[in-house]
Amino acid sequence: MTFQRHSIAGLAVLLLAACGGGGDADPTASTSAATAAAVPEDAPSTKAGTSGAAAVAGPAIAPAALEDAVARALTAARAEQVRASYGSLPAPVVEVQRRSADGLWVFGGGYFPIPATAHDTSPVTALFIARHTAQGWEVALEDSERFNELSQAAPDAVMSTPERRLFAERSSQTRRALGTARIQAAVSVGLSMPFQLQGAAWGTAGVHGDSGSSRPYNAIDFWGGDGRVLASRGGIAYKFCTNSRWPYIKVVHDNGWATGYYHTRNQATINNGQSIAEGQFIGMTGVELPCGGSASGNHVHWTLWRADTGAAEAVNNKLIGGWTWFEGSQPYSGYAERNGVRVYANQSGLVNYGHGDTTPPTEPCSGTGCNKYSGSFSGSGGAAFHPGSGGFYYAGGTLRAWLQGAAGTDFDLVLGRYNSSTGQWDKVAASDGPSSDESLSVSAGAGYYRWRINQYSGTGSYTLWTQQ
């Protein structure tokens, strides 16, 4: 399916289209949406993608006025950032993703095309929500409190339940994360590097700005390995520059951060507003330029943003993928350090260790809403259910779990949801990396759930912490 794409010059009619981006989905792609397609809980990791709020076509109410209102809001909020990144201020492009049946509500994204002279630059973008009133179109961008308010009031055709929850919670999440950062030697942002967990080593082109020399240095170029670019954490994915075969993908995470993935090709079929899991396949490294610019050598231009303000966040002294990152005096320099080992710019040797250490904290969860379970596996092919095979009822929100297995084992963690139509448990999310430790954070709707631990290889004990 395709999206509308409108320059400031305008088009005659705005028609709604949902979902975008072609390409073959990676066979190991997974999803964290609680509304996932029915997949048996004990099925292999391959699973169908899920979409967010459905797009509903409606009558076009003053399409030119909508386009102009969104473009003015984008320019007012992003002009300084665009000039710093691009060296110029091109006209923004408006992409309508969803419209209510009565045409009074619209949700979408906007971006500023990158000049061809800008090298290794990712696009400046923003989601928007618009409401038509007697005074005309009211437009709010994603980094405003008004956006959060309108997302709660918008009809279901425009905003899904997981999105409402995400936008309602993200501001406080970011504040908590930054508050914790002040007392840590290295700031953990709860993000993995965008490639396979504990797999082949990757290389980096160093720490730099979103457009190379621009400040802050919020970008890292990754290359090598198997070339598969994976989500750094669970969240909700959005696409920009959708007129291209392989658009720009941004993921707004459940912990107050957002990450961008530019230059990727052969992308998975990921719909706008779709909940995705950490480690879910996004695409292959490449030199794609859906929003413009220039690039050389297959890589992913990975960027870090604050979800509550839309501001670029420096990666300096941030713990990402188990490595602490340090910028240099010049862009495309610096290094990543772990246990005394350093990987400098233009070197390979980065192994992804997920959110931080190779093992989770001794007690990753305690207090109200937290539960702790333990067990062990012998033989082979075992499975265990917590809190039991009958599961538990959850009214909706974010479900989290951390699994720590005995050294040398490979135990996998699966969240299942009961399907009353089939009488079976459907898999809604899974963490099935090659190590003894797994974690999940899933936006879940109301229903009955249970945690399943699968014994892939090895024998020994495990501990599971859950939070709801």
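A short tour of the structure in this document, coming up.

Some details on the pattern of salt bridges
Side-chain pairs of opposite charge can arise where the charged atoms are in close proximity. With the rule as written, the count across this model stands at 12 salt bridges. Measuring nitrogen to oxygen at the nearest pair gives 2.8 Å for the salt bridge that ties Asp68 to Arg72. Of this pair, Asp68 and Arg72 both sit in helix H1 (residues 63-86), 4 residues apart, which is roughly one turn of the helix. Residue classification places Arg72 among the exposed positions, given a relative accessible area of 52%. The partner of Asp156 in a salt bridge is Arg164, and the shortest N-O contact between them spans 2.6 Å.

Structural notes on the pairing of strand E23 (residues 383-386)
Taking every second residue as pointing to the same face, the buried face of E23 carries Ala384 and His386, while none of Ala383 and Phe385 on the other face is buried. Sheet topology places E23 next to strand E29 (residues 447-457); 4 bridges connect them, and they run antiparallel. Residue pairing across strands places His386 opposite Trp451, the latter belonging to E29.

Some details on the sheet that holds strand E30 (residues 460-467)
The sheet built from 4 strands is open, its strands ordered E22-E30-E25-E28 with antiparallel pairing. If you trace the sheet from one side to the other, it starts and ends with strand E22 (370-377) and strand E28 (437-444), each paired once. Averaged over all pairs of adjacent strands, the angle between their axes in this sheet comes to 15°, without regard to strand direction. Bridge count for E22 against E30 is 8 bridges, and the pairing is antiparallel. Each bridged residue has a counterpart across the sheet, and for Tyr373 the counterpart in E30 is Leu464.

A closer look at the environment of Asp426
Mapped onto the secondary structure, Asp426 falls in strand E27 (residues 424-431). For Asp426, a relative accessible area of 10% gives the class buried. When the C-alpha atoms of Asp426 and Val414 are compared, they prove to be 9.9 Å apart, with 12 residues separating the residues in sequence.

Considering the sheet that holds strand E10 (residues 235-240)
Spatially, E13-E10-E11-E12-E16-E8-E7-E21 is the arrangement adopted by the 8 strands of the open sheet, whose pairing is antiparallel. Here the strands that pair on one side only, and so sit at the sheet edges, are strand E13 (274-276) and strand E21 (347-350). Between one strand and the next, the sheet's axes are offset by a mean angle of 35°, whatever the strand orientation. Relative to strand E8 (residues 219-224), strand E7 (residues 202-208) runs antiparallel, the two sharing 5 bridges.

Some words on a nonpolar patch on the surface
Side chains of Tyr393, Tyr418 and Tyr448 sit close together on the surface and give an oily, nonpolar patch of about 340 Å² of accessible area. Relative to the elements of secondary structure, Tyr393 occurs in strand E24 (residues 392-394). By relative accessible area, which is 47% here, Tyr393 ends up partly exposed.

Digging into the nonpolar core
Counting residues in hydrophobic clusters, the biggest one holds 44 residues, and the most contacted among them are Phe107, Ile129 and Tyr238. A total of 7 residues in this core trace back to one element, the largest contributor, which is H1. Residue contacts for Ile129: discarding those within four places in its chain leaves Trp105, Val106, Phe107, Glu138, Val139, Ala140, Phe147, Leu150, Ser151, Ala154, Val158 and Met159. Judged by nonpolar contacts, the second largest core, of 33 residues, contains Tyr261, Ala268, Met284 and Trp302.

Concerning the packing of aromatic side chains
All told, the structure shown has 18 aromatic pairs when counted by the stated rule. Considering the side-chain rings of Phe392 and Tyr449, the 6.4 Å spacing of their centres and the 35° angle between planes classify their relative orientation as tilted. Of the two residues, Phe392 is situated in strand E24 and Tyr449 in strand E29; the sequence distance between them amounts to 57 residues. Aromatic ring contacts, followed pair by pair, group Phe195, Trp202, Phe222, Trp302 and Trp325 into a single cluster. Over the face of the ring belonging to Tyr217 we find Arg215, whose NZ or CZ atom lies 3.7 Å from the ring centre.

Details of the state of the cysteines
Among covalent bonds in proteins, the disulfide is the one between the sulfur atoms of two cysteines. Applying the stated criterion to the full structure yields 1 disulfide. In this model, Cys241 is linked to Cys291 through a disulfide, with the two sulfur atoms separated by 1.7 Å. The sign of the 105° torsion about the S-S bond sets the Cys241-Cys291 disulfide as right-handed. You can see Cys241 sitting in the loop between E10 and strand E11 (248-253) and its partner Cys291 sitting in the loop between strand E14 (281-284) and strand E15 (292-294), a full 50 residues away along the chain. Of the two residues, Cys241 and Cys291, both sit in the buried class.

Some points on unusual backbone geometry
Of note, the amide linkage connecting Arg215 to Pro216 takes the cis form, showing an omega dihedral of -5°. When you line up the elements, Pro216 lands in the loop between E7 and E8. Looking along the chain, the bond that leaves His386 and enters Pro387 is cis, with omega of 5°. When you line up the elements, Pro387 lands in the loop between E23 and E24. Despite not being glycine, His263 has its phi angle at roughly 85°, a positive value. Secondary-structure assignment places His263 in the loop between strand E12 (257-262) and E13. A positive phi angle, close to 65°, is found at Asn317, a residue other than glycine.

What counts, and at which threshold
- Residues numbered from 1 in each chain as written.
- Predicted model: local features only at pLDDT ≥ 70, side-chain atom pairs only at ≥ 80, totals over all residues.
- Heavy atoms only, no water.
- Salt bridge = Lys/Arg side-chain N within 4 Å of Asp/Glu carboxyl O.
- Helix = DSSP H or I, 4+ residues; strand = E, 2+ residues; numbered from the N terminus.
- Buried < 20%, exposed > 50% of the residue type's maximum accessible area, 1.4 Å probe, protein only.
- Pairing = 2+ DSSP bridges.
- Axes fitted to C-alpha atoms, helices over the stretch in contact; angles between N-to-C directions.
- Patch = residues over 30% accessible without salt bridge, like charges linked within 9 Å, V, L, I, M, F, W, Y side chains within 5 Å.
- Areas by Shrake-Rupley, 256 points an atom, 1.4 Å probe, with all protein chains shown as cover.
- Core = buried A, V, L, I, M, F, W, Y, C linked by side-chain atoms within 4.5 Å.
- Contact = heavy atoms within 4.5 Å.
- Phe/Tyr/Trp six-rings, centres within 6.5 Å; stacked < 30°, edge-to-face > 60°.
- Lys NZ or Arg CZ within 6 Å of the ring centre and 35° of its normal.
- Disulfide = S-S within 2.5 Å.

So, to be careful, I would describe these as geometric facts and stop short of saying anything about function.
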